[in-house]
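Examination of the molecular architecture
Each chain, written out:
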Amino acid sequence: MKFIVIIGFITLILTTTNVMAKCANKTHITDIPYAKNSSYFSNKYSTRLDDIVTHYQSQSGYLLLEFKVNKVQRSEDVRHYNKWLASRRVERIRNYFNQASYSAPIISRILTASNETDRSVAVHWCDTQTDELHLRLAKISEAVPAAH
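A few points on the structure.

Observations concerning the packing of helix 2 (residues 46-56) against helix 3 (residues 76-99)
Two elements in contact, helix 2 and helix 3, have axes whose closest approach is 10 Å; the angle formed by their N-to-C orientations is 55 degrees. Classified by the angle between their axes, helix 2 and helix 3 sit oblique to one another. Pair helix 2 / helix 3 crosses with right-handed handedness. Here S46, L49, D50, I52 and V53 of helix 2 lie close against helix 3, whose contacting residues are I93, Y96 and F97. The class makeup of the residues in the contact of helix 2 with helix 3 is six nonpolar, one polar and one charged.

Structure below.
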């Protein structure tokens, strides 16, 4: 029995690919700012999020939520706290979309090598039709030999 479980686990590892959202043509929609040491955004930004739900719900693509964490911190504890807080801030927006029955995919990214201090979650739209078209064109241009 252990042998079957181990083989299944190895097969799972070998067949799983690392999927990362590639968004060549992201469109910046808005920034949702947060007060210092808070993971709650102001109610006035709810209207912006509602507009996103209305406008992007039926389009082909996904939302990308990005938060930048400054790479220079006073201590490792402060860095750990800021990463935790960043995660909570992104999760608040994700939960807002879930409660609004937003059905398009949402990808979150916490960038930990920022040189700036910013307490905003950037909301971007990634159009998958545009990205697929660019990918197809890139594959075709690689296949066709260049004329000299």
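Having seen the model, we can carry on.
With respect to the pairing of strand 4 (residues 120-127)
Across the eight residues of strand 4, seven count as buried, placing the element largely inside the fold. Pairing geometry for strand 1 (residues 26-33) and strand 4, over seven bridges, is antiparallel. Bridge pairing in strand 4 places P33 opposite S120. Inspection of the sheet shows strand 2 (residues 61-70) paired to strand 4 by seven bridges, in the antiparallel sense. When the sheet's bridge partners are listed, E66 is paired in strand 4 with A122.

Comments concerning the environment of R79
Tracing the backbone shows R79 in helix 3. For the pair R79 and T112, spaced 33 residues apart in the sequence, the C-alpha separation amounts to 9.3 Å. Residues in contact with R79, not counting those within four places in the same chain, are V69, N70, K71, Q73 and T112.

Considerations on the side chain of S120
The residue S120 is located in strand 4 in this model. At 3.2 Å, the side chain of S120 and the side chain of D118 are in polar contact. When near neighbours in sequence (up to four residues on either side) are disregarded, S120 contacts D31, I32, P33, E66 and F67.

Details of the side chain of S38
As for its placement among the helices and strands, S38 is situated in the loop between strand 1 and helix 2. Note on S38: relative accessible area 17%, which makes it buried. If we ignore the near neighbours within four places in the chain, the residues touching S38 are L85 and R89.

Comments concerning helix 3
Over its 24 residues, helix 3 extends 34 Å from the first C-alpha to the last, a length consistent with the 34 Å expected when each residue adds 1.5 Å. Within helix 3 the residues assigned to the buried category are V78, R79, L85, A86, R89, V90, I93, Y96 and F97. For helix 3, the secondary structure elements touched by its buried residues are strand 1, helix 2, strand 2, strand 3 (106-114) and strand 4. Two residues or fewer past helix 3, S101 is found with a positive phi of approximately 60 degrees.

Procedures and definitions
- Residues numbered from 1 in each chain as written.
- Predicted model: local features only at pLDDT ≥ 70, side-chain atom pairs only at ≥ 80, totals over all residues.
- Heavy atoms only, no water.
- Axes fitted to C-alpha atoms, helices over the stretch in contact; angles between N-to-C directions.
- Helix = DSSP H or I, 4+ residues; strand = E, 2+ residues; numbered from the N terminus.
- Parallel < 35°, antiparallel > 145°, perpendicular 65-115°, else oblique.
- Left-handed = near helix turned anticlockwise from the far one by under 90°.
- Contact = heavy atoms within 4.5 Å.
- Nonpolar A, V, L, I, M, F, W, Y, C, P; charged D, E, K, R; others polar.
- Buried < 20%, exposed > 50% of the residue type's maximum accessible area, 1.4 Å probe, protein only.
- Pairing = 2+ DSSP bridges.
- Polar contact = N/O pair within 3.5 Å; in protein donor to acceptor, adjacent residues only side chain to side chain.
- Expected span 1.5 Å × (residues − 1).

Geometric values such as these leave the question of function open.
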